[in-house]
Amino acid sequence: MRLKKTTPLFIILLATYPALCQTFVDPIIGFYPGTSTIPSKHKTNITIAFIFPYRSFWNFATQEEYDQCMFCSWMRQMDSGAEMAVQEVNNRVDILPDTMVNILRVQGWNQQSLPGAGIGGAAPVALELATNHNIVGAVGDVADQSTMITAGILSQFKIPMCGGTQNLPALSDKDNYPYFFRVTFSNKWGNDIAILLKHWKVGRVAMVYDADEIESAGACMDIKGSLFAANIVILSSRRYHGLRSDNDFRNIVNEFLLVDARYIILCAQAWSNSYYLVDEAEKAGLINSEHVWVVTQPPYPPDYGGRGPDSRLDKLVGMIWPTPKNAPPEDPNFMTVQNKWRKLYEGDALKYQVGHLTWTNAGTYDCSGTMLHGIDKVLRTNTSLTPAMLASHQLQEYLSVPTFSNTGFKGTLLNPMKLDSAGDLAANTIFISFNRSFWVDGGQAPFAEIDKFSRELLLYGDPRINGVLPNDGAIVLPLFLPSIHNYQGKFIVLLLSFGYITCTVLFWVLIRSSKTMEIRTLHVGHTAISLVGSICILSSFICYLVIPTAKLCYFRRWVTWTGISLLIGPMFLRGVLIFIVYSKRTVQKGALRRCDQRLFLCNFAIAAGNCGILAYWSFYNEFRPIAVTSSQYILYECSSLAISTHTGRAMYALYSYNALLLVGLGIMAFLNRHVRPVYNETS
């Protein structure tokens, strides 16, 4: 297995010296026409944009300049890899036979935050490309944060974009990025890790993640959701700030010791302060045969060179790492592309920087190749479409993510290149248990593999160096649950008893007094519905007396929010009725009755609207019980897991809906402030 990209660029780029400033004024680096010896290629021209931080390296003339810039060599390799794929297409008669591909190089964000050079500069760059240049697609951008801006804007203009290095899970959301795809993984390992842990009969884990690194935080959110779904208890979930040097790693480690965490999931950057967490864990006895660490990136020391032996890496031996299953080094296509790259490197070492394929050049090569093969597929499968229509920007409707999912392109990371429905690399997941040869050879054989689509787990060998997998530990902290044996439970029971008795008495009084003038004017039906709402809210507290399940979590949310709507709605409508009655000097008895009946029916309309929003929220959300660790107990609570951008909309709609009812109730109380209190309960 080849070592693919294992390093988010964030911390490395921030460490680069401030002289590498940039400006987004006039971001166009230059237009580079394609060249070809095939006559038919000159019939039509199309242009794709390369987005990289060119001003950091584009004018370098010596290797010494690249050596002084920690990331510039990588950026140069990315540009050269993308260009090599374009050159190949321009010199092949079977791909876009009547079309020449030109390159427009554009300045991208270099992840610095100097005045005038921050992440916001990605927006004018994307708008410049979309409105002033007739590009058919874009390749590049190296940062997740700027890619969210660039891909979001280009998607609005239906311009496809491919990323070769971005791993942020949020970029898989096709509601927001319908024209963005990537030939790399998305850091969504949750389902795979849950499948492996369930196979090992692991039911308890601890988690820790780097809150300063967007990929790591996103990866841990995905993993947490999958663990909820698999009913795996999270004994402790902690975070730290990877860009700060004052983290109290000892406090995190002590909590893991307190809950006796045997399986620990670390979501962090590869070259970062995550290494010092591991170092502290080793001192505390958490790095040994009794503990299993699952890492989303190898937690290398910040100053580790990236390859070769280092005694500090002994702490990492046995850690488990999920990664995509790439095309093997002996793949004929991979060998062909690598040999071609090596020849180019031998001819111009400054331009190509390295003599072999790595995550830098392979990713952008596959990006350009996949995009151009997808465009060729559109023209071949739709005979009424022409290259001229493509060049004039008339075919953008055809260039969304599904077009590039299976183009037949022979990639270096996957052969043939395939993408899933989210536009991510459709490779199987393999699990590696690090041994000392990993950082020397750049890879090792996996011990397990999970099929991308069938989710079948295949085991190839022993995942541990010593051949033993520990159990997931004993429950060392008692489970806390409110009951009649503790004061919390007694308080809930007392509250429920008092509430139910009060509601029962109010129902009895309402029925007995329903013929009196005051009660009849306030309308018995409205009051009865408000009491039903009160009972629903009270009933939701019963859920705190038992260990929650997924169904119980849904039940609690539905009962609570339905009760709130049933409680507030009738009070608001009674206020409307009172306002109508007392704002007019005379009201016909029949008209008043009809108005009363219509307002009563509005109660059901309000409840139906509330239930509709709840159904929308529940469809795009998952409610799961989670375990929360305190200093003395393990507590269970219901947590919501967003599975779509629709979730936020539904939540805001639900809050806004009931807030509007409260506002309406307040308005009615103000308008009816002069009505006698005996008729006006809102006063």
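Located above this text is the structure these notes cover.
All of the points below concern the structure found in this document. (Residues numbered from 1 in each chain as written. Predicted model: local features only at pLDDT ≥ 70, side-chain atom pairs only at ≥ 80, totals over all residues. Heavy atoms only, no water.)

### Points about the packing of helix α3 (residues 72-90) against helix α12 (residues 359-381)
(1) Moving on: With their axes 7 Å apart at the nearest point, α3 and α12 run at an angle of 30 degrees to one another. Between α3 and α12, the crossing angle belongs to the class labelled roughly parallel. Considering how the two elements wind past one another, α3 and α12 form a crossing that is right-handed. Packed against α3, whose contacting residues are W74, Q77, M78, G81, A82, M84, A85, V86, E88 and V89, the element α12 presents W359, T360, N361, T364, Y365, S368, G369, L372 and H373 at the interface.
(2) Moving on: Here the residues of the contact of α3 with α12 sort into 10 nonpolar, 8 polar and 1 charged. (Axes fitted to C-alpha atoms, helices over the stretch in contact; angles between N-to-C directions. Helix = DSSP H or I, 4+ residues; strand = E, 2+ residues; numbered from the N terminus. Parallel < 35°, antiparallel > 145°, perpendicular 65-115°, else oblique. Left-handed = near helix turned anticlockwise from the far one by under 90°. Contact = heavy atoms within 4.5 Å. Nonpolar A, V, L, I, M, F, W, Y, C, P; charged D, E, K, R; others polar.)

### Structural notes on the sheet that holds strand β2 (residues 44-52)
(1) Moving on: Read across the sheet, 6 strands follow the order β1-β3-β2-β4-β5-β6 without closing on themselves; strand pairing throughout is mixed. Two strands bound the open sheet, and with one partner strand each, they are β1 (28-32) and β6 (180-182). Here the strands of the sheet are splayed against their neighbours by 25 degrees on average, with no regard to which way each runs.
(2) Moving on: Sheet strands touched by helix α4 (residues 122-132): β1, β2 and β3 (99-107). Its angle to β3, the strand with the most contacts, is close to 155 degrees.
(3) Moving on: Packed onto the sheet, α12 meets β2, β3, β4 (137-140), β5 (161-163) and β6 and runs at close to 165 degrees relative to β4. (Pairing = 2+ DSSP bridges.)

### A word on the packing of helix α18 (residues 550-582) against helix α20 (residues 646-671)
Helix packing geometry: the angle between the two helix axes and the distance between the axes.
(1) Moving on: Close contact between α18 and α20 brings their axes to 9 Å; oriented N to C, the two are set at 30 degrees. Judged by the inter-axis angle, α18 sits roughly parallel to α20. Here α18 and α20 pass one another in a crossing that is left-handed. Along its contact with α18, which presents W561, I564, S565, I568, G569, M571, F572, G575, V576 and F579, the element α20 presents L654, Y655, N658, L661, L662, G664, L665, M668 and L671.
(2) Moving on: Of the residues assigned to the contact of α18 with α20, the class counts are 14 nonpolar, 5 polar and no charged.

### Let's talk about the environment of S513
(1) Moving on: Looking at where S513 falls in the secondary structure, it is placed in the loop between α15 (487-512) and α16 (517-522).
(2) Moving on: Residue classification places S513 among the partly exposed positions, given a relative accessible area of 22%. (Buried < 20%, exposed > 50% of the residue type's maximum accessible area, 1.4 Å probe, protein only.)

### A closer look at a nonpolar patch on the surface
(1) Moving on: The grouping of F579, V663, I667, F670 and L671 at the surface amounts to a nonpolar patch, some 450 Å² of accessible area in total.
(2) Moving on: The biggest single contributor to the nonpolar patch is α20, with 4 residues.
(3) Moving on: Tracing the sequence through the fold places I667 in helix α20. (Patch = residues over 30% accessible without salt bridge, like charges linked within 9 Å, V, L, I, M, F, W, Y side chains within 5 Å. Areas by Shrake-Rupley, 256 points an atom, 1.4 Å probe, with all protein chains shown as cover. Salt bridge = Lys/Arg side-chain N within 4 Å of Asp/Glu carboxyl O.)

### A few points about the side chain of N273
(1) Moving on: Secondary-structure assignment places N273 in the loop between β9 (263-267) and α9 (274-283).
(2) Moving on: At 2.9 Å, the side chain of N273 forms a polar contact with the backbone oxygen of R244.
(3) Moving on: Residues contacting N273, with those up to four places away along its chain left out, are G242, L243, R244, F249 and P302. (Polar contact = N/O pair within 3.5 Å; in protein donor to acceptor, adjacent residues only side chain to side chain.)

### A look at the state of the cysteines
(1) Moving on: Summed over all chains, the structure comprises 2 disulfides.
(2) Moving on: Two residues, C162 and C367, share a disulfide whose sulfurs are 2.0 Å apart. Measuring the twist about the S-S bond at about -80 degrees, one finds the C162-C367 disulfide to be left-handed. Here C367 lies in helix α12 and C162 lies in strand β5, a separation of 205 residues in the sequence. The pair formed by C162 and C367 is uniform in burial state, with each residue classed as buried.
(3) Moving on: The structure places no disulfide on C536, whose sulfur is separated from the nearest cysteine sulfur, that of C611, by 9.6 Å. (Disulfide = S-S within 2.5 Å.)

### A short note on the pairing of strand β7 (residues 204-210)
When a strand is regular, its side chains alternate between the sheet's two faces.
(1) Moving on: β7 sits mainly inside the fold: 7 of its 7 residues count as buried.
(2) Moving on: The alternating pattern of β7 places R204, A206, V208 and D210 and V205, M207 and Y209 on opposite faces, both of which are buried.
(3) Moving on: Sheet topology places β7 next to strand β8 (residues 233-240); 7 bridges connect them, and they run parallel. Bridging from a neighbouring strand, D210 pairs with Y240 of β8.
(4) Moving on: On the question of chirality, the crossover connecting β7 to the parallel β8 by way of helix α7 (residues 214-229) is right-handed.
(5) Moving on: Two elements, β7 and β9, share 4 bridges in a ladder whose sense is parallel. (Right-handed = clockwise from strand over helix to strand, strands pointing away.)

### Quick notes on the pattern of salt bridges
(1) Moving on: This structure, assessed with the given rule, holds 24 salt bridges.
(2) Moving on: In this structure, K315 and D279 form a salt bridge, with 3.5 Å as the shortest nitrogen-oxygen distance. Taken together, the residues K315 in the loop between β10 (292-295) and β11 (320-324) and D279 in helix α9 connect sequence positions 36 residues apart. Per residue, the accessibility class of K315 equals that of D279, and both read buried.
(3) Moving on: The residue R312 makes a salt bridge to D310 at a minimum N-O spacing of 2.9 Å.
(4) Moving on: Among the charged side chains, a network of salt bridges with common partners joins R76, D79, E83, R105 and K351.

### Notes on the environment of G408
(1) Moving on: By secondary structure assignment, the location of G408 is in the loop between α13 (387-391) and β12 (429-433).
(2) Moving on: Since its relative accessible area comes to 45%, G408 is described here as partly exposed.
(3) Moving on: For G408 and K418, which are 10 residues apart along the polypeptide, the C-alpha to C-alpha distance reads 8.0 Å.

### Structural notes on the nonpolar core
(1) Moving on: Formed by 58 residues in total, the largest nonpolar core has its most connected members in F50, L96 and I375.
(2) Moving on: Only β2, α3, β3, α10 (332-347), α12 and α13 provide two or more residues apiece to this core.
(3) Moving on: Here this core gets 9 residues from one element, more than from any other, and that element is α12.
(4) Moving on: Residue contacts for F50: discarding those within four places in its chain leaves D79, A82, E83, V86, I103, L104, R105, V106, V139 and S368. (Core = buried A, V, L, I, M, F, W, Y, C linked by side-chain atoms within 4.5 Å.)

### Some remarks on the side chain of S146
(1) Moving on: One can find S146 in helix α5 (residues 144-156).
(2) Moving on: For S146, a relative accessible area of 0% translates into the label buried.
(3) Moving on: Polar side-chain contacts of S146 include one of 3.3 Å to the backbone oxygen of A143.
(4) Moving on: Residues within four places of S146 in sequence aside, it is in contact with W109, I119, A122 and D141.

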